[in-house]
Amino acid sequence: MKRTTLSLIAGATALAAVTGFAALTAPDGTAAPEAKTTTRLPVERAGLVCPVPSTSEVAETLYTSYTPTGTGAGSAAGKAEPPTALLRTAAGATPSGGTGKTGKTPKAAKAPATVTAPGKPVTAEAEGASVPALTGSATGALAPGWTVQQTTVVPAGGARGLLGLGCGVPDTDFWFPAASTAKDRQDYVHLTNPDDTAAVADIELYGPEGLLKSQFTEGIPVPARSTVPVLLSTLTSEAGRKDVTVHVTTRSGRVGAAVAAADDKLGSDWIAPAADPASSAVLPGIPADATSVRLVAFAPGEEDADLKVQLVTASGTIVPAGADSLHVKSGMTAAADLPDLTRGAVGSLLLTPSDPKKPTPVVAALQVVRGKGANTEIAFIPATAAVSARATVADNRAKGSTLSLTAPGAEARVKVTASAGSAGGTPVSRTVTVKAGTTTVLTDLVPGGLKGSYALTVEPLSGGKVHAARTLALPEDGVPMFTVQTFVDDRGTVEVPSAHQDLGVLD
């Protein structure tokens, strides 16, 4: 996703708070000299969007809200309000049962998932099909690294499964490989507008032959503080495509976007946005007992992409048998089944240019299945960028959480912290060395005396780049329900000109 708009807003906010200047211009209208020195400061405000969790009457959803410790920020200059981190319905009411603009009273969370201090997760529960989309913001000391995890269990019906999603940052550009318009799939893209003004979104669908003929995909209005679910198969006369890449952009405003995918036979989960197009991609955290793995990639540029496919395991990087490469035509979606990929060990997929002299940007995601026959479950792993400073995934359980750390290049050292539990427990940290070209797995990092759920935070210390993912497995009635969330850098700080910088104001 493009981060330009978000970065500029965050930078301007931090600059105004620190220096008191609202713009870097001289009185005559000329631009101020380029800053020669910069510093990183904690963000003062962060926003997130959580889509409608389910349309099932038997759905049970848990929201886990968390801000990590270690990057504190006071209230903005001149403000006396205490820091807050609060979720509200997209219609403007609190999730404890207010009334939105539609006049209806949604059946929602029993209590707002409101963080009161860094370092301790706060949870809220919701049940049924009428739970609304949520938006929220965090300010002051609770803003840097604020994250919300949405975990939904649907024990029966066509949407059966464990659906997990890290609530997203509103933006203007999203890529979703591994979507589908096939007859046995019902994929909805959820567009949620957290702002007080309307947004207008466009949706493009790309299949194996390129851009799908579409209708009603341009200029989709998303009213202020509202959510719009769009069934992908209704957008094109070329429905029935197994592998589709979805591109969501906005021509005005910004939205949160995620794809809810439900397969009649395999189960359901969320497809989170993939990392920005790049010539290399890492898709971390493929479960050891995956019975089916399907790679889906798309080349958005004008050149075809020839990709080398490798599996990064605990012992090193190998080439999967019979699936060592993938050719992706420009503007088209390509897919490949990777049978018997993990062979009993957690791994991560690495995509690199077959010819390093011809790097071509791609976006990619994996569709992963566990189980067999009627007892199957599906999840999706999008390509994810390396953690640059810090990243967190909340809602981990004493049993069933697996952390995967992948260093595709040089050896790396990271600090991993398991927070206090939502109902009690003592946080613990561990320094982990991930050898070059390997994936390290942690299953035993749990807070002391844990009660409730906890958050896992990854912070690089030295060495090469690290990509991370968390698998949460909650089996039910013989179905190996699971979901995988990748770690996305939390953007807890922003780079701004130093406070003492001469801004070049002229007499």
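What you see is a predicted model; the values in this text were computed from it and never measured.

Chemist: I tried to follow the overall build of the chain on my own but got confused; where do I start?
Modeler: Along the backbone of the chain there are 1 helix and 37 strands. Looking at the 507 residues of the chain, the share that counts as buried comes to 53%. Considering only contacts within the chain whose residues lie at least 6 apart along the sequence, 81% involve residues at least 24 apart. Summed over all atoms, the accessible surface of the chain reaches about 21,000 Å², with 53% contributed by carbon and sulfur.

Chemist: So what exactly am I meant to see when it comes to the state of the cysteines here?
Modeler: As used in these notes, a disulfide is a covalent bond between sulfur atoms, one from each of two cysteines. Evaluation of the coordinates by the stated rule reveals 1 disulfide. Each disulfide pairs two cysteine sulfurs, and for Cys50 the partner residue is Cys167, the sulfurs being separated by 2.0 Å. With the S-S bond torsion at 110°, the cross-link from Cys50 to Cys167 turns out right-handed. Linking Cys50 in strand E2 (residues 45–50) with Cys167 in the loop between strand E8 (161–166) and strand E9 (173–179), this pair joins segments that are 117 residues apart in sequence. For the pair Cys50 and Cys167, one class covers both residues: buried.

Chemist: I tried to follow the pattern of salt bridges on my own but got confused; where do I start?
Modeler: Going through the model one piece at a time under the given rule, you end up with 13 salt bridges. Note that Asp196 is salt-bridged to Arg225, the shortest N-O span being 2.8 Å. On the criterion of sequence distance, the pair formed by Asp196 in the loop between strand E10 (185–193) and strand E11 (199–207) and Arg225 in the loop between strand E13 (220–222) and strand E14 (226–231) is long-range, its members being 29 residues apart. A relative accessible area of 61% means that Asp196 is categorised as exposed. Judged by relative accessible area, which is 27%, Arg225 ranks as partly exposed. For the salt bridge of Asp202 with Arg251, the shortest nitrogen-to-oxygen distance reads 3.0 Å. Placement of the pair is Asp202 in strand E11 and Arg251 in strand E15 (residues 244–252), with a sequence separation of 49 residues. Using a relative accessible area of 53% as the deciding quantity, one classes Arg251 as exposed.

Chemist: Teacher, can you tell me more about the environment of Ala407 here?
Modeler: By the secondary structure assignment, Ala407 is in strand E28 (residues 401–407). Sequence spacing of Ala407 and Pro284 is 123 residues, and the spatial spacing of their C-alpha atoms is 9.9 Å. Look past the residues within four positions of Ala407 in its chain and what remains in contact with it is Ala412, Val434, Lys435, Ala436, Gly437, Thr438 and Lys465.

Chemist: Explain the sheet that holds strand E35 (residues 467–473) to me, please; I cannot follow it from the model alone.
Modeler: By way of backbone hydrogen bonds, the strands of a sheet pair with one another, either parallel or antiparallel. Across the sheet, 4 strands lie side by side as E32-E28-E35-E36; this open sheet has antiparallel pairing. Unpaired on one side and paired on the other, strand E32 (438–442) and strand E36 (482–486) mark the two borders of the sheet. Neighbour-to-neighbour, the strand axes of this sheet turn through a mean angle of 20°, independent of strand direction. Of the strand pairs in this sheet, E28 and E35 are connected by 6 bridges, and their pairing is antiparallel. Bridge pairing in E35 links Ser401 to Leu472.

Chemist: Any chance you could explain the side chain of Thr384 here in plain terms?
Modeler: Secondary-structure assignment places Thr384 in the loop between strand E26 (375–382) and strand E27 (391–396). For Thr384, a relative accessible area of 6% puts it in the buried group. Setting aside chain neighbours within four positions, we find Thr384 in contact with Ala275, Val282, Pro284, His467, Ala468, Thr486, Phe487 and Val488.

Chemist: Looking at this structure, how should I read the packing of aromatic side chains?
Modeler: For any pair of aromatic rings, geometry is given as the distance between the ring centres together with the angle between the planes. Applying the stated criterion across every chain yields a total of 3 aromatic pairs. An aromatic cluster is defined as three or more aromatic residues linked by ring pairs; in this entry it consists of Trp175, Tyr206 and Phe298. Sitting above the plane of the Phe482 ring, Arg370 keeps its charged end 5.1 Å from the centroid.

Chemist: Just to check I follow, could you spell out the nonpolar core for this structure?
Modeler: Across soluble globular proteins, nonpolar side chains have a tendency to be buried as a group. Counting residues in each nonpolar core, the largest one holds 31 residues, and the members touching the most others are Leu283, Ile286, Leu295, Leu349, Leu351 and Leu366. Aside from chain neighbours lying at most four places away, what touches Leu283 is Ser348, Leu349, Leu351, Ala364, Ala365, Leu366, Ile381, Pro382 and Ala383. Counting 30 residues, the second-largest nonpolar core is a separate cluster that includes Phe174, Val230, Val244 and Val246.

Chemist: Would you mind showing me how to read the side chain of Ser137 here?
Modeler: One can find Ser137 in strand E6 (residues 134–139). Within the local environment of Ser137, its side chain forms a polar contact with the side chain of Arg45, the two groups lying 3.3 Å apart. Beyond its immediate stretch of four places on either side in the chain, Ser137 contacts Arg45, Ala46, Gly47, Thr84, Ala85, Leu86 and Trp146.

Chemist: How should I be thinking about a negative patch on the surface in this particular structure?
Modeler: On the surface, Glu302, Glu303, Asp304, Asp306 and Asp355 cluster together into a negatively charged patch. The residue Asp306 is located in strand E20 (residues 305–312) in this model.

Chemist: Help me out: how do you make sense of the sheet that holds strand E7 (residues 147–154) in this one?
Modeler: Reading across the sheet, the 4 strands line up as E5-E3-E7-E8 and stay open at both edges, with antiparallel pairing between neighbours. Sheet topology places strand E5 (122–127) and E8 at the edges, where each strand pairs with a single neighbour. Averaged over all pairs of adjacent strands, the angle between their axes in this sheet comes to 15°, without regard to strand direction. Where strand E3 (residues 60–66) lies against E7, 7 bridges are found, and the strand directions are antiparallel. Note that in E7 the partner of Tyr66 across the bridge is Thr147.

Chemist: Could you clarify how one ought to interpret the environment of Leu456 in this entry?
Modeler: Among the structural elements, Leu456 can be located in strand E34 (residues 454–463). Distance from Leu456 to Phe487, taken between C-alpha atoms, is 9.6 Å for residues 31 residues apart in sequence.

Chemist: Could you clarify how one ought to interpret unusual backbone geometry in this entry?
Modeler: A negative phi holds for most residues other than glycine; trans holds for most peptide bonds. Here the phi dihedral of Asp340 falls at roughly 50°; this positive angle occurs in a residue that is not glycine. Within the secondary structure, Asp340 is located in the loop between strand E23 (333–337) and strand E24 (347–353). We classify Asp340 as exposed; its relative accessible area is 57%. A positive phi is found at Arg343, a non-glycine position, where the angle reads about 50°. Secondary-structure assignment places Arg343 in the loop between E23 and E24.

Chemist: Explanation requested: the confidence of the model for the chain in the structure shown.
Modeler: Interpretation of the predicted coordinates at a detailed level should be avoided for regions scoring low in pLDDT. Taken residue by residue, the chain gives an average pLDDT of 87. The fraction at 70 or more is 84%. The low-confidence segment residues 93–109 (pLDDT under 50) makes 40 contacts with residues lying over four places distant or belonging to another chain.

How each quantity is defined
- Residues numbered from 1 in each chain as written.
- Predicted model: local features only at pLDDT ≥ 70, side-chain atom pairs only at ≥ 80, totals over all residues.
- Heavy atoms only, no water.
- Helix = DSSP H or I, 4+ residues; strand = E, 2+ residues; numbered from the N terminus.
- Buried < 20%, exposed > 50% of the residue type's maximum accessible area, 1.4 Å probe, protein only.
- Contact = heavy atoms within 4.5 Å.
- Areas by Shrake-Rupley, 256 points an atom, 1.4 Å probe, with all protein chains shown as cover.
- Disulfide = S-S within 2.5 Å.
- Salt bridge = Lys/Arg side-chain N within 4 Å of Asp/Glu carboxyl O.
- Pairing = 2+ DSSP bridges.
- Axes fitted to C-alpha atoms, helices over the stretch in contact; angles between N-to-C directions.
- Phe/Tyr/Trp six-rings, centres within 6.5 Å; stacked < 30°, edge-to-face > 60°.
- Lys NZ or Arg CZ within 6 Å of the ring centre and 35° of its normal.
- Core = buried A, V, L, I, M, F, W, Y, C linked by side-chain atoms within 4.5 Å.
- Polar contact = N/O pair within 3.5 Å; in protein donor to acceptor, adjacent residues only side chain to side chain.
- Patch = residues over 30% accessible without salt bridge, like charges linked within 9 Å, V, L, I, M, F, W, Y side chains within 5 Å.
- Lys, Arg positive; Asp, Glu negative; His and termini not counted.
- Charge placed at Lys NZ, Arg CZ, Asp CG, Glu CD.
- pLDDT = per-residue confidence, 0-100.

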